[in-house]
Structure formats: C-alpha cells, structure tokens
Amino acid sequence: MTGEWILGLYVFVLASLVGFEIIRKVPPTLHTPLMSGANAISGITLVGAVLVAGSGQGTMATVLAGLALFLATVNVVGGFLVTDRMLRMFRKR
Amino acid sequence: MPPFAQDLVYIASAVLFVWGLKRLGHPETARSGNGLAALGMLLAAAVTLLDRGVVSWTVLLVALVAGTLVGTLLARSIRMTAMPQLVGTFNALGGGASALLAAAELVASGPNGPSTGVGLAIALGILVGSVTVTGSVVAVGKLQGFMPSRPVTWPLQRSASALLAVTLAGTAIALALLPEVGPLAPALAAGALLLGLALVLPIGGADMPVVISLLNAYSGLAASAAGFAIGNPLLVLAGALVGAAGLILTHHMCRGMNRSLANVAFGAFGAGDGTPGPAESDAPVRRTTAEEAALLLGYASSVIIVPGYGLAAAQAQHEARKLMDVLVDRGITVNFAIHPVAGRMPGHMNVLLAEADVPYDRLLDLEDANARMPRTDVVVVVGANDVVNPSARDPESTIAGMPILEVDRAANTLVVKRSLSPGFAGIPNPLFHLESTLMLLDDAGAALSALAREVREL
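Residues numbered from 1 in each chain as written. Chains lettered and ligands numbered in written order. Predicted model: local features only at pLDDT ≥ 70, side-chain atom pairs only at ≥ 80, totals over all residues. Heavy atoms only, no water.

Draft legend 1. Molecular detail of the overall build of chain B. Helix and strand counts for chain B come out as 16 helices and six strands. Oriented by its inertia axes, the alpha-carbon framework of chain B measures out at about 80 × 50 × 35 Å. Taking all 458 residues of chain B together, 56% fall into the buried category. Within chain B, counting contacts between residues at least 6 apart in sequence, those at least 24 apart form 78% of the total. With the model as given, the accessible surface of chain B reaches about 18100 Å², and the carbon-plus-sulfur share is 63%. Side chains of chain B carry 26 positive and 31 negative charges; the gap between the two charge centres is 3 Å. (Helix = DSSP H or I, 4+ residues; strand = E, 2+ residues; numbered from the N terminus. Buried < 20%, exposed > 50% of the residue type's maximum accessible area, 1.4 Å probe, protein only. Contact = heavy atoms within 4.5 Å. Areas by Shrake-Rupley, 256 points an atom, 1.4 Å probe, with all protein chains shown as cover. Lys, Arg positive; Asp, Glu negative; His and termini not counted. Charge placed at Lys NZ, Arg CZ, Asp CG, Glu CD.)

Rendered as structure tokens:
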C-alpha cells in the first residue's frame, strides 16, 4: 500500500468519527433536511468527475466521467436547493 | 493555479462541509448550515475547473449546465409527500456518479492497469455505487408505487444473494490484484446492479425509511471509494461524513421499529405480505361524533395530536393545523407527537407539518411526548395505528418492545380512523377498546375539519 492510500485512510476514519459526533445529536425534526443535505454533499464526486472528464484521457474515459459529472451535478444542485426549500418552511411559533 | 493553492481551497471546503453539517443540527441555524455546505461545494467545483489538467471544456460545460437545469427542476417541482422518492433518486445518482467515475479512472489508467490500492478502490467504487443505483431504484419504485410494495421473494433468495455478494467480493479483489483482469469490470458492475435489486426487492414498503437511510450511507461510501481511486482526499472526507450520517439515521429508524438491520434486510416483513390480518375484534368500542368530540377538545387545557402516515396520505396536514389554530385560540396547549417512523423517511412527518405551517417547537419527539402523556387531557390520533398500540408493552405480542407513543396514559384518547381494521402489522389494537378511548370513524381530512368547525362554534 502506498503512502497516499494510508493518508486517505486517516482522512476516512477521522472524517467518519467527526461525522458521527456532529450528527448524533441532530433532533428528529431535522432528519429529512439532514439527509438531503448530506446527500448533496455526497455529490462531491463532481470534483473528481471534472478532473477526469476534462483532462482528455481518451473517449471512453471522457464519456464515463462526463456522465458521472452530469449525475453528480443533478445530485448537488437538486440536493442543496430542495434542502433549502424545506428549511425555509421551518419556523418557530 | 499551483496545486497547493487548490489543496488549500479543498481544505476550506472540508471545513465548510463539517461546519455546515453541524449547523444543520439546530433548527435556527439549519438553513445557513445548508448554505455553508453549498458554498463549500461551489468553491471545490470552481477551483477544480481551474486545474491545470483540465483542457477540454465541451463535455464539462454540457454536463454542468444540463445537471444544474435538471437538479433545479427536480428540487422546485417535487411535492413534500414525495420527498423520500426524491432523496432515493438522489442516492441513485450519487452512487451512479461514483461508480462511473471509478470506471472512468480504470479506463484512464491504461493497458497496464492501476496499482493494487487504486484498483481495490476502483472495484469498491463500482461495487458499492452500482448496488446503490439499483437498490435506490427499487426503493423509489416501492414508495412511488411502480413496483410492488410487498416483499418480493423467490426460491433460495437469501442463499443466491449471499453467493452473488461473495462472488462480487472475489471479483473485486481479483480486479485489484491482477490488473490484466480489467475487462472483468463490466461484469462486476452488472453483478452489483443485480445485487442491488436482489437486496431491496425482498424488503417491504413499510421498511423503506431504513432502506433509504442505508442507501444514503452507501452513496457516501461510494464517493469515498471514488476518492481513493483518484487520490482526492476531499472526496474521501465528504463521502465519510455522508456515510456516518446515513448510518446514524439507519440506526434511528431501526430503533424506532425495534428491529435489527439484519431483520429488516432479511426478514421479508412489512407492508402486507398477503395474509389477511385478524378479523375485526368483537370487543366493544365507544364511537363518537365530531360534535361530541369537539366538546371534549374545546374544554381541555392540553391536547396532543398524533399524526400517522394516514394523515399525510389523506393530505390532511392543513386540516390538522387548522384544528391546532382554533384550539390555540381558546388558550389550549397544543403539541404534535411524532413517532420516529411516522413518515416514509426519517423526519418526514416534521417536514410535512412544517409545510402546513405548524411551528417546529410544537413538535415533540417520542420521549418528550411520552413524558407529557399523563398530564394531557386529550390525545387525538389521526391515521396512526401500530405506533400507538399498547400491545407493544405485552411481552407476548409480535410487536413487543417496539417504542410506542403511550397515548393510553392520557386522560382521553380520540382516535380518528376510517375503519376498525388493524394496521400494517395486522395486530389488533387494544387502545380502541379502552374506556378512555373514543373512536371517530371518518376520513382524516373530513374529521379534522369537522372538529375544527365544531370547536369554533362552541
């Protein structure tokens, strides 16, 4: 295993712990917006798709990554917008 | 832009994701939290577009513009009752994007194939991403009704799925260790797509909250795997955050139904398995009219409304809010008690009530609500059944141990229900036969607006 991989594992494990800690106490009222907001964040694949689709690595790689970019963009834009739409409706008495 | 500057922006994005998720945890700050996370994503996307390696723009622009249009359209047009389907769809898109990105990286790695570590990440990205795609499609289908909501099973279903899973794991490892088996990748993807179908088809529609939460975690893990594949720590980090969120929500949902994840996955239980429930009980019930029930409500000092999915299915959230308004006008304390599995995904009922303009500080979670039950004059149960079934306290019952809203501990209970038939679980509900329970047999919307009208005329 290369050093880059091990560093990746550090990031993965620590980010998981941070995730558990900050999300554990979220009240049930916010579970749906939390899920759709987190969902939008999982569209981070967009970043990787830009790198692969934009770097001219052959037709096949470009097509696959381009499709990935389209799906990830729908996920990101739709996810953040619909989460905002929901949270706008939450109000105190 | 030099690479280190890009990394600094990625770190800023990571901070914004964590900070945003933290702020998403409180009602007052949630909207800004979502905004911060979106800003993090925008920064990451912008700085990536400036990457020196990015040389061809046509595909990027087409995909970004088309994706933005479709995403905006979906987010604007979706009805709140269909939110679980939309989140399920987004899970499928996220999983699909990660699988495709992993595949693209495999193709781009050339004839010699990737190194072992990268190969393993690629294989995992394809595997988890593809399972997420078809699993989510089935979940959406069951929620939307274009697939059977009942558990679909076939002979040797569990053994066949287990065999498929083991074969795929083996294929993934082979793909990592032996670069020359790269052509196996399409077979891995096809097998994983099949596995997603095989895992979710046997799960009943009532268990979809668990499935949606778990697939949300999978979509995060797939993004992490894709991050390992392309050596990008921001993907690894963001994917891990989402994976953690999905697993926590999965745990909440399982606890709400008092079932283990294994039981949900392999139990083939929930949402009408075809066997008819027990016949209507012969025990007496006290039926009432809206007029009579309004007297009880109008002169109470505290009221709790328990909305079940039947309320949302009847689109009666607005009628519930109107009843709340007339009671509040009379100086009565009104709250809503929300069971964790009241909706079709975690927190769904809260969103539906927020849409009907019910303030979130009137929504009580299970523990809070149960603490208040003994001091409550009237509980109004609308379209809920199993989550208020006192049989859960009976160790002999099939739903023994399931966390319930203890509405039978309130002074009076008014149950609004179309008929006396048992719920999903097919279990008779002794609540209906208690001395303190009044039954108002009517459609949820009609009953609630009649109650509001009668209370106003008191």
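Anyway, onward from the coordinates.
Draft legend 2. A nonpolar patch on the surface, seen in detail. Residue and element names in this part refer to chain A. Together, I6, L7, L9, Y10, V13, L14 and L17 make up a nonpolar patch on the protein surface, roughly 690 Å² of accessible area in all. Inspection of the secondary structure puts I6 in helix α1 (residues 3-24). Given a relative accessible area of 38%, I6 falls into the partly exposed group. (Patch = residues over 30% accessible without salt bridge, like charges linked within 9 Å, V, L, I, M, F, W, Y side chains within 5 Å. Salt bridge = Lys/Arg side-chain N within 4 Å of Asp/Glu carboxyl O.)

Draft legend 3. Quick look at the interface of chain B and chain A. Taken together, the contact between chain B and chain A spans 105 residues of the former and 80 residues of the latter. It is R31, M41 and F228 of chain B in chain B that bury the most area against chain A; as a group they hold 8% of the surface buried on that side. On inspection of chain B and its partner chain A, the count reaches four salt bridges. Among the ionic pairs, R31 of chain B bridges to D84 of chain A, the shortest N-O distance being 2.7 Å. (Buried area = accessible area lost by both parts, 1.4 Å probe.)

Draft legend 4. Spatial organisation of the pairing of strand β2 (residues 333-337) of chain B. Residue and element names in this part refer to chain B. Summarising burial for β2: four of the five residues are buried, a large majority. Here four bridges tie strand β1 (residues 302-307) to β2, and the two strands are oriented parallel to one another. Across the sheet, residue I305 finds its bridge partner in β2, namely F336. Judged from the two bridges that link them, β2 and strand β3 (residues 363-364) form a sheet pairing that is parallel. What sits directly across from F336, in β3, is L363. (Pairing = 2+ DSSP bridges.)

Draft legend 5. Inspection of unusual backbone geometry at higher detail. Residues and elements named next belong to chain B. Within the chain, Q315 stands out as a residue other than glycine whose phi angle is a positive 55°. Of note, Q315 is situated in the loop between α12 (309-313) and α13 (317-329). We note that D357 has phi near 75°; this positive angle belongs to a residue other than glycine. By the element assignment, D357 lies in the loop between α14 (348-355) and β3.

Draft legend 6. Looking closely at the environment of V128 of chain B. All names here are of chain B. On the secondary structure map, V128 appears in helix α5 (residues 116-144). Classification of V128 by relative accessible area gives partly exposed; the value is 22%. Measuring from C-alpha to C-alpha, the distance between V128 and A192 comes to 7.5 Å, with 64 residues separating the pair along the chain.

Draft legend 7. Examining the side chain of S16 of chain A more closely. Position of S16 of chain A relative to the elements: it lies in helix α1. Of the polar contacts made by the side chain of S16 of chain A, one reaches the backbone oxygen of F12 of chain A; its length is 2.8 Å. When sequence neighbours within four positions are dropped, the list of residues in contact with S16 of chain A reads A240 and A244 of chain B. (Polar contact = N/O pair within 3.5 Å; in protein donor to acceptor, adjacent residues only side chain to side chain.)

Draft legend 8. Just the nonpolar core, in detail. All names here are of chain B. With 177 residues, the main nonpolar core has L297 and V306 as its most contacted residues. Examining the composition of this core, we find that 14 residues originate from one element, helix α9 (residues 233-257), more than from any other. Ignoring any residue separated from it by four or fewer positions in sequence, one finds L297 in contact with V303, L323, L327, I332, V378, V380, L414, L451 and V455. (Core = buried A, V, L, I, M, F, W, Y, C linked by side-chain atoms within 4.5 Å.)

Draft legend 9. Representation of the environment of Y360 of chain B in the model. Following the sequence through the fold, Y360 of chain B ends up in the loop between α14 and β3. On the accessibility criterion, Y360 of chain B (11% relative accessible area) is buried. With 333 residues separating them along the chain, Y360 of chain B and P27 of chain B place their C-alpha atoms 8.1 Å apart. If near-sequence neighbours (up to four positions away) are discounted, Y360 of chain B is found in contact with T29, F90, R91 and K92 of chain A together with P27 and E28 of chain B. Within the structure, Y360 of chain B has its side chain in polar contact with the side chain of E28 of chain B (distance 3.3 Å).

Draft legend 10. Here's a closer look at helix α7 (residues 185-200) of chain B. Residue and element names in this part refer to chain B. Taking 1.5 Å of rise per residue, the 16 residues of α7 would be expected to cover 22 Å, and the 23 Å separating its terminal C-alpha atoms lies within 8% of that figure. Here α7 has its buried residues at A185, L188, G191, A192, L195, G196, A198 and V200. Down the axis of α7, the buried set is contained in an arc of 170°. They therefore lie on one face. Looking at the buried positions of α7, the neighbouring elements they touch are α4 (83-108), α5, α6 (157-177) and α8 (208-230). (Expected span 1.5 Å × (residues − 1). Arc of directions from axis to C-beta.)

Draft legend 11. Representation of the pairing of strand β5 (residues 412-417) of chain B. Residues and elements named next belong to chain B. Counted residue by residue, β5 has five buried out of six residues, so it is predominantly covered. Where β5 lies against strand β6 (residues 437-441), five bridges are found, and the strand directions are parallel. Within β6, the position partnered with T413 by the bridge is T437.

Draft legend 12. Summary view of the domain arrangement of chain B. Residues and elements named next belong to chain B. Taken as a whole, chain B is organised into domain 1 (1-77), domain 2 (83-273) and domain 3 (280-456). Using only C-alpha atoms to locate each centre, domain 2 and domain 3 end up separated by 37 Å. Across the contact, 15 residues belong to domain 2 and 13 residues belong to domain 3. Of the roughly 1200 Å² buried where domain 2 meets domain 3, counting both sides, 78% is carbon and sulfur surface. Here domain 2 and domain 3 share zero salt bridges between them. Counting only elements with at least two residues in the side of domain 2 that touches domain 3, the list comes to α4, α8 and α9. Broken down by element, the side of domain 2 that touches domain 3 gets its largest block of residues, five residues, from α9. For the side of domain 2 that touches domain 3, the per-class residue count stands at 11 nonpolar, three polar and one charged. (Domains from an automatic or database assignment. Nonpolar A, V, L, I, M, F, W, Y, C, P; charged D, E, K, R; others polar.)

Draft legend 13. Representation of the side chain of K142 of chain B within the structure. Residue and element names in this part refer to chain B. Within the fold, K142 resides in helix α5. Look at K142: it is buried, it has no salt bridge, and the nearest opposite charge is D207 at 9.2 Å. Discounting residues that sit within four places of it in the chain, K142 has contacts with M147, P148, S149, R150, P151, V152, V200, L201, I203 and M208.

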